[in-house]
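An overview of the molecular structure
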Amino acid sequence: MFVPALRPPTDAPRAAVWFAFQRDRLLVRADGERAALLEYADLAAMGVDFEAGHYLGRLDDVDCYALQLDDALGPPHEAAFEGLHALYGRLPDAVFSIAGRAIQILLWDQTHRFCGRCGQPTVNAPAERAKLCPQCGLLSFPRLSPAVIMLVQRGDQFLLARNKTFAGGFFSVLAGFVEPGESLEETVAREVKEEVGLDVVDIRYFGSQPWPFPHSLMIGFTATYASGEIRLQEDEIAEAAWYSRHGELPHLPGKLSIARRLIDWFLEQERGADTDKIAP
Ligand SMILES: [Zn+2]
């Protein structure tokens, strides 16, 4: 179990786990299909600056730190810098989850070096994970961009769409960022209307997932078709259609995403059970 914390322990961090990134790529040693973080000694041999580490908290009884490495540092023998997408399923789930937390802390550290209001250099706030402007007092927290993701169902059919920006031509459920002033349910209804021209009802919370690409929080919903014909928002959606639970499906998103969890959940429902569905 991971317990986040701000202040590092006073004893030497030698036994800690270090999430060392170069930009958004994590330094790992590949071990067959699996991957593992490097040991302290490996990092020390690279000459990394441990003082620059950000304390994250404790995983079970091990301290965890995030560390940004210089662009010029090459990986040691048999190690490599790899993107988080490629590491899903190859690191233990708890470690993968902390890696997502680590990269977002590092990104925040790099992009809040100056006050957004008065331009002064910021410092780390003493009591919370925030950058403090010593000049005007503005606090800047790690950025988090909430987005809703929703499976729209109609009987034993559900809606899949192909976004113009999706690599590899896969289909997924609809998603979109929350705008200031909106409730999550309002975002769901607005995005479905904007992207495919449909009205939905019965919007229900499904689950959520941190999505550190680079700093989203995906909030999943199910919704039921109410009215309208599919009409694409053409600058964003390449195609969209209803798919049957029992028919052939297009190329779907990978297991990493809550999109896939929504789809798998729907596919596992029995025909006729739609009216009394229970989200996990
Ligand atoms: Zn300021």
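Residues numbered from 1 in each chain as written. Predicted model: local features only at pLDDT ≥ 70, side-chain atom pairs only at ≥ 80, totals over all residues. Heavy atoms only, no water.

Points about the overall build of the protein
Within the protein, the regular secondary structure consists of five helices and 16 strands. Principal-axis analysis of the C-alpha atoms gives the protein an extent of 60 × 50 × 35 Å. The buried share of the protein, reckoned over its 280 residues, is 44%. Sequence separation of 24 or more characterises 65% of the internal contacts of the protein that already satisfy a separation of 6 or more. Carbon and sulfur atoms make up 52% of the accessible area of the protein, which amounts to about 14,800 Å² in all. (Helix = DSSP H or I, 4+ residues; strand = E, 2+ residues; numbered from the N terminus. Buried < 20%, exposed > 50% of the residue type's maximum accessible area, 1.4 Å probe, protein only. Contact = heavy atoms within 4.5 Å. Areas by Shrake-Rupley, 256 points an atom, 1.4 Å probe, with all protein chains shown as cover.)

Comments concerning the coordination of the zinc ion
Taken together, C115 (SG), C118 (SG), C133 (SG) and C136 (SG) make up the full set of protein donors to the zinc ion, lying 2.3 to 2.4 Å away. One way to put it: the four donor atoms around the zinc ion meet at angles of 98 to 120°, and that makes the site tetrahedral. Classification of C118 by relative accessible area gives partly exposed; the value is 35%. (Donors = N, O, S within 2.8 Å, 3.2 Å for Na, K, Ca; no water. Tetrahedral: all angles 85-135°; square planar, octahedral: opposite > 155°, others 65-115°.)

Focus: the pairing of strand 2 (residues 17–22)
Of all six residues in strand 2, five are buried; the element is thus mostly enclosed. Direction of pairing for strand 2 relative to strand 6 (residues 62–68): parallel, over a ladder of five bridges. Residue pairing in the sheet places F21 in a bridge with Q68 of strand 6. Taken together, the two bridges between strand 2 and strand 3 (residues 25–31) define a ladder with antiparallel strand orientation. Residue pairing across strands places F21 opposite L26, the latter belonging to strand 3. (Pairing = 2+ DSSP bridges.)

Looking at the pattern of salt bridges
Going through the model one piece at a time under the given rule, you end up with 14 salt bridges. With a shortest N-O distance of 2.3 Å, E182 and R190 are connected by a salt bridge. Among the residues examined, R190 registers a relative accessible area of 16% and is labelled buried. One salt bridge connects K193 with D199, and the closest N-O pair in it is separated by 3.2 Å. We classify K193 as partly exposed; its relative accessible area is 36%. Overall, the relative accessible area of 31% leaves D199 in the partly exposed class. (Salt bridge = Lys/Arg side-chain N within 4 Å of Asp/Glu carboxyl O.)

Overview of the sheet that holds strand 10 (residues 139–140)
In a beta sheet, neighbouring strands pair by backbone hydrogen bonds and run either parallel or antiparallel. Pairing is antiparallel in the open sheet, where three strands are placed in the order 8-9-10. Whereas interior strands pair on both sides, the edge strands pair on one side only; in this sheet they are strand 8 (123–124) and strand 10. Inspection of the sheet shows strand 9 (residues 131–132) paired to strand 10 by two bridges, in the antiparallel sense. Paired with L132 across the two strands is L139, which belongs to strand 10.

Points about the side chain of E191
Position of E191 among the secondary structure elements: in helix 4 (residues 184–196). Filtering out sequence-adjacent residues up to four positions away, E191 remains in contact with M150, A175, G176 and F177.

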